[in-house]
Structure formats: structure tokens, C-alpha cells
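Structural features, examined
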Amino acid sequence: MVAPRYRIDDRLLEWATPRQREYVEAINKHHSIRAAARACGVHFTAVVHAITSLERRAAVYGYSPRHDLSKPVAPGQILRGASTLYRRGEPEPVLQWVKSRADDEQRERIIREAVRALAEDVKGLAPTVSAPARTATDLLSVYPLGDPHFGLYAWAREVGADFDLSIARRLTLAAIDRLVEASPCSETALILPLGDVFHMDDQSNQTPAHKHQLDADGRFVKVLEVGIQTFRHAVLRALEKHANVVVRFVGGNHDPHAIWSLAFSIAAYFEKEPRVTVDLSPGAHWFYRFGSVLIGATHGDKTKHPQLLGVMAADRSADWGETRHRYFYTGHVHNQIVTELPGLVCESFRTLAARDA
């Protein structure tokens, strides 16, 4: 008697971890779980448990052919429940109701998997950019970037100007190159994106708080990849001109979670570069002191200019008393707005992005 040829449904690979994928491919090659286990150098039960876990995970997202669930729920959703109607004595379903809900776990998983995938070749960069021969120790160069909105899509016939992922990358790279070239050789540089680096926070293409639908260009992981490549270039260019580079990514209302993918990836890439500091503190208001200058930064969606004076004075009371020049930088409004308050100048910066619909 010939043993049946065992095979795992290839569709399950959509939810497989790298190890589970290895087991599935081995099973489909050898047509046996035991043979696959021997080929992978693991115990039979390890493969069984891995495949069982994979099937359960796929079922959570609406795919389990053995139970007549063959249409996965939409990206960003998780199966809430399913009801299937059968006719008496017939194996095939007549009707099926599938209910889903938003999946917060999947959002976090997508972000984590994106970071892991994009950081595969950035385990830590050894110093490769030579420090400039001379720098002015009493100067600080600040590179604020107002709302880059990587991933935004705009159609000129509809809104007046085209904008997409490639345009965002080209404009931002050109701006960085021009600004670094124009800057004096100050000892320290501060790279300061002021929020909404990414137009969307995940693949759902909605604003996280109010669920407004966004016009997006490209898959979410692709948008992350371009953002990481662009700001890696920004840091490398700054290292050519400045002895030390401080990087702080401010979270915005469009990307409160996705911004951490960028921050942690850049931190990992420059982990072994002693001239780069990536500040990973999670506060909504961030401060940096340089001699007699105190700088604050926030996105600007929650705290407006008139309230920033109180925030800085309360959060950095000692620095407030010891400095003479104080600035608070914000984005969010996409226009340049300068507000002079007693002892503090607040400035919002323009965006390079086009308006969307």
C-alpha cells in the first residue's frame, strides 16, 4: 500500500514565520512531516506544533479551508466570528456570514516585521565617514523638517500639484544636500523632523485617531523603506560636515507608531558610530540645550504656540533660568508661522509635500 502524499496548503505561507515557512516547504518537498523534520534537523513534534500554530494563526485572519473558511479578512482586520449554513446531508456550505474587527495586534506586528526586515543588513555601522578637520565648537546647526509626509499621493489635475513617494524622496534628499552644503562647519548638528514623516501609520491608510481615509502611494513597508533610506542619507551627509550629529524624530498625528520604525532603524544603523546620537525618549515635548540656547520641539497638533511657553518653563525650569535664547519648533500646520512670546520664539515650518484631496 502506498502512503498518501502529504501536502500543506501554500496559501498558509502568507501567515508563516520564517521557521514555519521552512517547515511547510520541507513538508511539501518530502510529502511527509517526519521526513521534513529529519531534513530540518528537528524533532517530529516541533514541526507538528509549528504547523498547528500556523493553521491557528491563519484561522484568526479568516483562512481555514478545513472549516470552510476560504476568504481571509481585509488587511488590518481580524476575524470576529463566522456563521455557516449547511443543508441537511450536504457537505458544502450554502451561506456564510463573516464578521471582522480592527486588529491592533496586526498593526504592531506589521511595524515590527517591517523594522526587522529593513534592519537585516544594518546590524551596526562601523565608523566610515571621516570627521571634518575643523569645526566651530560654539556653533550648532539645526535642520528642522516640517511634515515630509512620505507615502502621500496627490494628483495635479485634482489638487494642483503631483506628489508621490518618489517625489517626496527626491525633494527631501535635495533639501538635505543643499542645507548641509550651506551650513557652516559647526561642531554639532541637530536633525529634527517635526512629525508626520510618514503619511500613514499602517497599511489601513487611515489617520490613527479619527480614521480619515488617506490617499496613499505604495505599500506601507515600501514607504517605511524609503523613509529609512532617506534619513540614513541625511545623517551620513551631516557627518561629513559636523563632528557630532544628534537625531530626534518627533511623532505626528499621522505616524505616532510608524515613526518608531524609523527611529529604531536609524539608531541600529549608527549604533557603532560614536559621532551619532539618536534620541529615543518617548515624550511629546523634547528639549535640547546648547550653551545659552534652549530648543524645544513638538509636532504641534496637541499644544499650540501660546501654550508652549508654559510647557518649556515648567518642564525645563532650570534651563529656562540659565539660557538667554529659547526656541520652540513645530510642524503640523504646513505653513511658516512665527510667534514671539515673552522669552520664547515659536516657529512652525512649511512642508515640501503637496496638498492632497
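Up top is the structure these notes are about.
Residues numbered from 1 in each chain as written. Predicted model: local features only at pLDDT ≥ 70, side-chain atom pairs only at ≥ 80, totals over all residues. Heavy atoms only, no water.

**Structural notes on the pattern of salt bridges**
Inspection of every chain in the model, using the stated rule, returns 11 salt bridges. Across the pair Arg-248 and Asp-279 runs a salt bridge whose closest N-O atoms are separated by 3.6 Å. One end of the pair, Arg-248, is in strand E5 (residues 244-248); the other, Asp-279, is in strand E6 (residues 276-279), with 31 residues separating them in the sequence. Notably, a salt bridge pairs Asp-319 with Arg-289, separated by 3.0 Å at the nearest N-O pair. One end of the pair, Asp-319, is in helix H10 (residues 317-322); the other, Arg-289, is in strand E7 (residues 286-290), and 30 residues separate them in sequence. (Salt bridge = Lys/Arg side-chain N within 4 Å of Asp/Glu carboxyl O. Helix = DSSP H or I, 4+ residues; strand = E, 2+ residues; numbered from the N terminus.)

**Notes on helix H6 (residues 165-182)**
Taking 1.5 Å of rise per residue, 18 residues should cover 26 Å, and H6 covers 26 Å from first to last C-alpha, within 8% of that figure. The set of residues buried in H6 consists of Leu-165, Ile-167, Ala-168, Thr-172, Leu-173, Ile-176 and Val-180. (Expected span 1.5 Å × (residues − 1). Buried < 20%, exposed > 50% of the residue type's maximum accessible area, 1.4 Å probe, protein only.)

**Here we look at the layout of surface pockets**
Counted as a void, the second largest pocket has a volume near 440 Å³. Taken together, 26 residues form the lining of the second largest pocket, with Gly-251, Gly-252, Pro-256, Asp-301 and Lys-302 sitting closest to its centre. When residues of the lining of the second largest pocket are assigned to their parent elements, the largest contribution, three residues, is made by helix H8 (residues 258-269). (1 Å grid on protein atoms, 1.4 Å probe; cavity = no way out; pocket = protein on both sides within 12 Å on 5 of 7 lines; lining within 4 Å. Points joined across faces, edges and corners; volume = space filled by probe spheres on them.)

**Focus on the packing of aromatic side chains**
To describe a pair of aromatic rings, one takes the distance between the centres and the angle between the planes. On inspection of all chains with the given rule, the structure shows eight aromatic pairs. Their ring planes at 80° and their centres at 5.6 Å tell us that Phe-287 and Phe-328 sit as a pair that is edge-to-face. Here Phe-287, found in strand E7, pairs with Phe-328, found in strand E9 (residues 325-330); they are 41 residues apart in sequence, far enough to count as distant. Like Phe-328, Phe-287 is buried. Among the aromatic residues, those joined into a cluster by ring pairs are Phe-150, Phe-231 and Phe-249. (Phe/Tyr/Trp six-rings, centres within 6.5 Å; stacked < 30°, edge-to-face > 60°.)

**Overview of the pairing of strand E10 (residues 337-341)**
Relative to strand E11 (residues 344-348), E10 runs antiparallel, the two being bridged by five bridges. Pairing of Val-338 across the sheet is with Glu-347, part of E11. If you look at the hairpin formed by E10 and E11, you'll find two residues sitting between the two strands, and Gly-343 has a positive phi there, around 80°. (Pairing = 2+ DSSP bridges.)

**Side note on the environment of Asp-202**
If you trace the backbone, Asp-202 turns up in the loop between strand E4 (186-193) and helix H7 (220-241). A C-alpha to C-alpha distance of 9.6 Å links Asp-202 and His-254, two positions 52 residues apart in sequence. A polar contact is formed between the side chain of Asp-202 and the side chain of Ser-204, at a distance of 2.4 Å. (Polar contact = N/O pair within 3.5 Å; in protein donor to acceptor, adjacent residues only side chain to side chain.)

**Concerning the environment of Val-159**
Note on placement: Val-159 falls in helix H5 (residues 156-159). Not counting residues up to four positions away in its chain, the partners in contact with Val-159 are Ala-154, Arg-355, Asp-356 and Ala-357. (Contact = heavy atoms within 4.5 Å.)

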